[in-house]
Amino acid sequence: MSAQSTPEPIDAARLLDTQRAFDSVAADYDGPRGNNALIQRMRQTLWDTVTAELGNDARLLDIGCGTGIDAAEFARRGHEVVATDWSPSMVARTDSRAGAPALGGRLSARHLGVQQLDRLEGTFDGVYSNFGPLNCAPDLEDVANQCARLVRPGGVMVFSVMGRICPWEAVHYALRGRFRRAAVRAARGATAVGMNRHTIWTKYYLPREFYRPFTDHFQLASYSALSLFMPPPYMVDRYERNPARYERLGRLDDRFGKWPLLRDMGDHFLIVMRRR
Ligand SMILES: C[S@@+](CC[C@H](N)C(=O)[O-])C[C@H]1O[C@@H](n2cnc3c(N)ncnc32)[C@H](O)[C@@H]1O
């Protein structure tokens, strides 16, 4: 994975780069790339948070649903889920899950980018977005305004977002002499991250930077680190060599991830906001 940042915005051409990148991995995304043990651990935290906030019969919007793992799980639990993604191949994977009898017709999939939320009608009890689709959004202010339109008063949003301070990543690349890669999350503006010989255009955030555009319409309920002590998912080989040792690190995440300062770090952070 390579990376390079520029001050220019995420425009239509860059959105297409990102779309092609995710289209190119959709077929094998449920394997180690998109759903290894470390990813599954973070997924569980988002599932538990959504359930704690909204029970099991809410109307949910998934932004950047990927192959629909979360959307199918929430539909199985009893929620009605509208799952959206900018990659047509990802949406097709989600759509192929929607007919499973256990989901009771509660999952629908739609090809829709986060920059196109104005095309969506209806009201939702909750919105979630897992593993960084919102890092690919060209304009968070627009996302905040559209979410304010779509989420009922008292409704909840739960997002996992790629953060700026990931100690594991900085040390991993610095030890290999890849200093620019080690510092990439510090960049302002759009960053080109290579994946599968394609480019994903992404922006990294501190939790407070991310929350700022949402302040007018949403109250910050909590935020916490995901994979701070535990290595990021792409280091799953380490975990697999000694799962017991790394599970102990995972328990440190569970225990201390909400602490001041620590909650500003990690591979991702999980942020919960409530509609005023
Ligand atoms: C790392 S994947 C996570 C997928 C899924 N949420 C999961 O938990 O497996 C990021 C997803 O964001 C989607 N994405 C990228 N840019 C997007 C955009 N502008 N609007 C909506 N989704 C986008 C990608 O197509 C991809 O499916």
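Residues numbered from 1 in each chain as written. Predicted model: local features only at pLDDT ≥ 70, side-chain atom pairs only at ≥ 80, totals over all residues.

## Quick word on unusual backbone geometry
Even without glycine at this site, Ser227 takes up a positive phi of about 55°. Looking at where Ser227 falls in the secondary structure, it is placed in the loop between strand E9 (218-226) and helix H10 (236-241). For Ser227, a count of 28 C-beta atoms within 10 Å translates into the label buried. Despite not being glycine, Leu261 has its phi angle at roughly 70°, a positive value. Residue position: Leu261 is located in the loop between helix H11 (243-256) and strand E10 (268-275). (Helix = DSSP H or I, 4+ residues; strand = E, 2+ residues; numbered from the N terminus. Buried ≥ 20, exposed ≤ 12 C-beta atoms within 10 Å, placed from the backbone.)

## Concerning the nonpolar core
Counting 72 residues, the largest nonpolar core has Ala71, Val81, Val127, Met157, Val158 and Ile271 as the members making the most contacts within it. When residues of this core are assigned to their parent elements, the largest contribution, seven residues, is made by strand E6 (residues 151-162). In this structure, Ile271 is in contact with Phe159, Val161, Pro207, Phe210, Tyr211 and Tyr223, ignoring residues within four places of it in sequence. (Core = buried A, V, L, I, M, F, W, Y, C linked by C-beta atoms within 7 Å. Contact = placed C-beta atoms within 7 Å.)

## Points about the pairing of E6
Each regular strand carries side chains that alternate between the two faces of the sheet. Taken across its 12 residues, E6 has nine buried, putting it largely inside the fold. Relative to E6, strand E5 (residues 124-129) is paired through five bridges, and the arrangement is parallel. Within E6, the residue paired with Tyr128 across the bridge is Val158. Taken together, E5, helix H6 (residues 140-150) and E6 form a β-α-β motif whose crossover is right-handed. As judged from the seven bridges shared by E6 and E10, these two strands associate in the antiparallel manner. (Pairing = 2+ DSSP bridges. Right-handed = clockwise from strand over helix to strand, strands pointing away.)

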